[in-house]
Amino acid sequence: MRDVFRIFFSTGWRQQVLILIVLLTSGIVEVVGIATLWPIIGIIGGEGMPNDHIIDDYIRWALEAVGLPLTIEVLLGVILGAAILSFAFGTAGSVFVGRSVANFGTGIRLQLIDALVRARWSYFVAQPVARFTAAMNSDAERASVAFKSAGMCLVALTQAAVLMVMAIFVSWPFFLGAVAIATVLWLAVGRYMRMAKKAGRGKSKHNLALLHSVTDALTNVKALKAMNRHTFIGHTFAVHIDRLRRATQAETYSTSAMRAIQEPLFISLLLGGLYIGHTFLGMDLRVMLGSTLLLKRIADAIGSVRANYQRVALDRISYWQLQNLLAEIRANREALISGNLPPLPADITLANVSFSYPGKQVMQHANLTMDAGRLTTVIGPSGAGKTTIADMVAGLHAPTEGTITVGSTPIDQLDMAAWRRQLGYIPQDSILFNDTILNNVSLGDPRIQESEVREALVAADAWGFVSKLPGGLNFSIGVRGSLLSGGQRQRLAIARALVGQPRLLILDEATSALDQKTAQEIAKSAQALTGSRTILAITHQALWVDAADAVYEIRDGKVTMAAPALSGSA
Ligand SMILES: Nc1ncnc2c1ncn2[C@@H]1O[C@H](COP(=O)(O)OP(=O)(O)OP(=O)(O)O)[C@@H](O)[C@H]1O
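- An unreviewed UniProt entry lists the protein under the name ATP-binding cassette subfamily C protein, with Dongia mobilis as the source organism.
- Within the UniProt record for the protein, the comment given under Subcellular location (unreviewed entry) is "Cell membrane".

**Comments concerning the confidence of the model for the protein**
Now for step 1: Of all residues in the protein, 94% attain a pLDDT of 70 or more, and the chain-wide mean is 84.
Now for step 2: Taken as a whole, residues 565–570 scores under 50 in pLDDT and shows 7 contacts with residues more than four places along the chain or in a different chain.

**As for the sheet that holds strand β4 (residues 401–406)**
Now for step 1: As summarised here, the arrangement of the 4 strands in space is β2-β1-β4-β5, forming an open sheet in which the pairing is antiparallel. Only two strands of the sheet have a single partner each, and these edge strands are β2 (360–370) and β5 (409–410).
Now for step 2: By the bridge criterion, 2 bridges tie β4 to β5 in an arrangement that is antiparallel. Pairing of Val406 across the sheet is with Thr409, part of β5.
Now for step 3: Of the strands in this sheet, β1 (348–357), β2 and β4 touch helix α11 (residues 386–393), which is tilted by about 115 degrees from β1.

**Some thoughts on the packing of aromatic side chains**
Now for step 1: For the structure shown, the criterion picks out 11 aromatic pairs.
Now for step 2: Seen from their ring centres, Phe104 and Tyr319 are 6.0 Å apart, and the 15 degrees between their planes marks the pair as stacked. Placement of Phe104 in helix α4 (residues 72–117) and of Tyr319 in helix α10 (residues 285–331) is noted, with a sequence separation of 215 residues between them.
Now for step 3: For Tyr319, a relative accessible area of 3% puts it in the buried group.
Now for step 4: Aromatic pair Phe355 and Tyr357: ring centres 4.9 Å apart, planes at 85 degrees, arrangement edge-to-face.
Now for step 5: Taking the relative accessible area as the measure of exposure, Phe355 reaches 4% and is therefore buried.
Now for step 6: Grouping aromatic residues by their ring pairs yields a cluster made of Phe5, Phe8, Phe9, Trp13, Phe104, Phe147, Tyr319 and Trp320.

**Quick look at the pattern of salt bridges**
Now for step 1: Taken as a whole, this structure holds 18 salt bridges when the rule is applied.
Now for step 2: Arg142 is the partner of Asp315 in a salt bridge, and the nearest nitrogen-oxygen pair spans 2.7 Å. Of this pair, Asp315 sits in helix α10 while Arg142 sits in helix α6 (residues 129–170), and the two are 173 residues apart along the sequence. The residues Asp315 and Arg142 share a single accessibility class, namely buried.

**A short note on α10**
Now for step 1: The end-to-end C-alpha separation of α10 is 66 Å, in line with the 69 Å expected for 47 residues at 1.5 Å each.
Now for step 2: Its maximal kink placed at Asp315, α10 deviates by approximately 50 degrees.

**A look at the nonpolar core**
Now for step 1: Counting 44 residues, the largest nonpolar core has Ile437, Leu457, Leu492 and Trp544 as its most contacted members.
Now for step 2: It is helix α16 (residues 486–498) that provides the largest number of residues to this core, a total of 6 residues.
Now for step 3: Counting residues in hydrophobic clusters, the runner-up holds 43 residues, among them Val97, Leu116, Ala135 and Tyr319.

Cut-off values and rules
Residues numbered from 1 in each chain as written. Predicted model: local features only at pLDDT ≥ 70, side-chain atom pairs only at ≥ 80, totals over all residues. Heavy atoms only, no water. UniProt positions renumbered as here; feature names shortened; annotations may be inferred. pLDDT = per-residue confidence, 0-100. Contact = heavy atoms within 4.5 Å. Pairing = 2+ DSSP bridges. Helix = DSSP H or I, 4+ residues; strand = E, 2+ residues; numbered from the N terminus. Axes fitted to C-alpha atoms, helices over the stretch in contact; angles between N-to-C directions. Phe/Tyr/Trp six-rings, centres within 6.5 Å; stacked < 30°, edge-to-face > 60°. Buried < 20%, exposed > 50% of the residue type's maximum accessible area, 1.4 Å probe, protein only. Salt bridge = Lys/Arg side-chain N within 4 Å of Asp/Glu carboxyl O. Expected span 1.5 Å × (residues − 1). Bend = angle between axes of the 7 residues up to and from the residue. Core = buried A, V, L, I, M, F, W, Y, C linked by side-chain atoms within 4.5 Å.

Encoded structure:
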């Protein structure tokens, strides 16, 4: 039950307490209605207005207090009024619960997104994508269900408590009998409850594993299909799907069994109670009828506590997984300072820089200067560390030794957000969105005009093909740009980097998918952009060496200045 409280009150106290008060009021009003039935049963039974029970006294007292006569019409009116009021409070409570659940679901997703975009790059790249997609979708959904069920469980619990209080007024033996029935009903479902908890854990685990393999497979499906190895994906899916099936089966079974056991058990206990009440305690018909009614409501409330508690048991794993993930991402938040930014373009210098990934030394004591307003090209064999240099300049990785300066400011004292706004970065694998060309280039930035997008496309040698597409800038390019060729995708990525008028342009194998002529034209455009901006080109293509003002080579962890004549070896 601790989890039920912790989950429901995780978003704060005020609104949650208000929800409980409103729904509790609905329960109390309902009890008033049930109590009012008490004397009516007596009247219908021909006893006249009964006065042999404490509940009769309370009702008489309450009606006298508001100046109403004790007639069957008034009593029926009170029951009707109580039913309407109970419905009104119940509906208001449900609206509050609905709003609270919706706020919870959106809130947790927004917190995740916010934490993710602020996380350190080295943490971010080490995470499987499926972990975040699962968190955003199924986990957030299931956590919302856990949150809602925790609320409904507490409401049912308070209703059961109010009804139990009424049971005390009916009679002590009746109250003890009600407690016994509630306990037996609760204990009887213990085994299924444990089963449900286990199934909840299993479902969450296998769901995530399935998502992992689906994400991996779908990103690589082209090569696997071309080599006819896609059947291997089917096998991986089948294993996870089968485990998910078994967990779902266990969950459904435990839920249905719990529901099914409730009714016959309640009937048996009720019949036993009625027999004892009639034979040994000499209860009259009125008390027995009233008690049966009350007991049914108590059993319903306990049933609702049980059903919602079970839902919490099934879905709380997602709630805690989300909370843990959120805490983990927040602990990996990138420490950004709002320092200064020198006038740009400025020389960018790596002095005595060493860098290692966990367990892997990439460069040692490297020295390199990118002159302001010039084109610097970095060449070197695959895996030598070229992209790592670009990532350090973008502040995504910090050197393990040595310093990087922009002008005379060390990079760790730069206003990093402002510095990155001055960068245009074209990575090796640019991700394009399933959206229009316009939005892919502007990235939805409202400050960027359509005319600027067009200019960037012209500079990236992309306007020629874009202008011929149906809808031009408004052409939707498909999932990850699948409706375009590799070279067209690359040119869109270049336009995306150029549109922000960056002071430092980083091109990481930016023209590798283009033919020699187009690549040369882009290199020429890049040369024309120098002066007001610095350009860093990382490449295996000789044409960028020819276009460069300075060329560096990284090999075996060492950086050396290379003469443009080395272009053939790039
Ligand atoms: N996030 C990472 N964690 C661990 N090792 C990494 C990571 N990123 C890159 N590496 C390793 O660091 C080395 C340098 O990688 P980098 O991407 O800088 O090479 P590169 O010269 O750009 O290669 P390529 O020309 O093939 O793109 C490689 O051996 C790579 O395996």
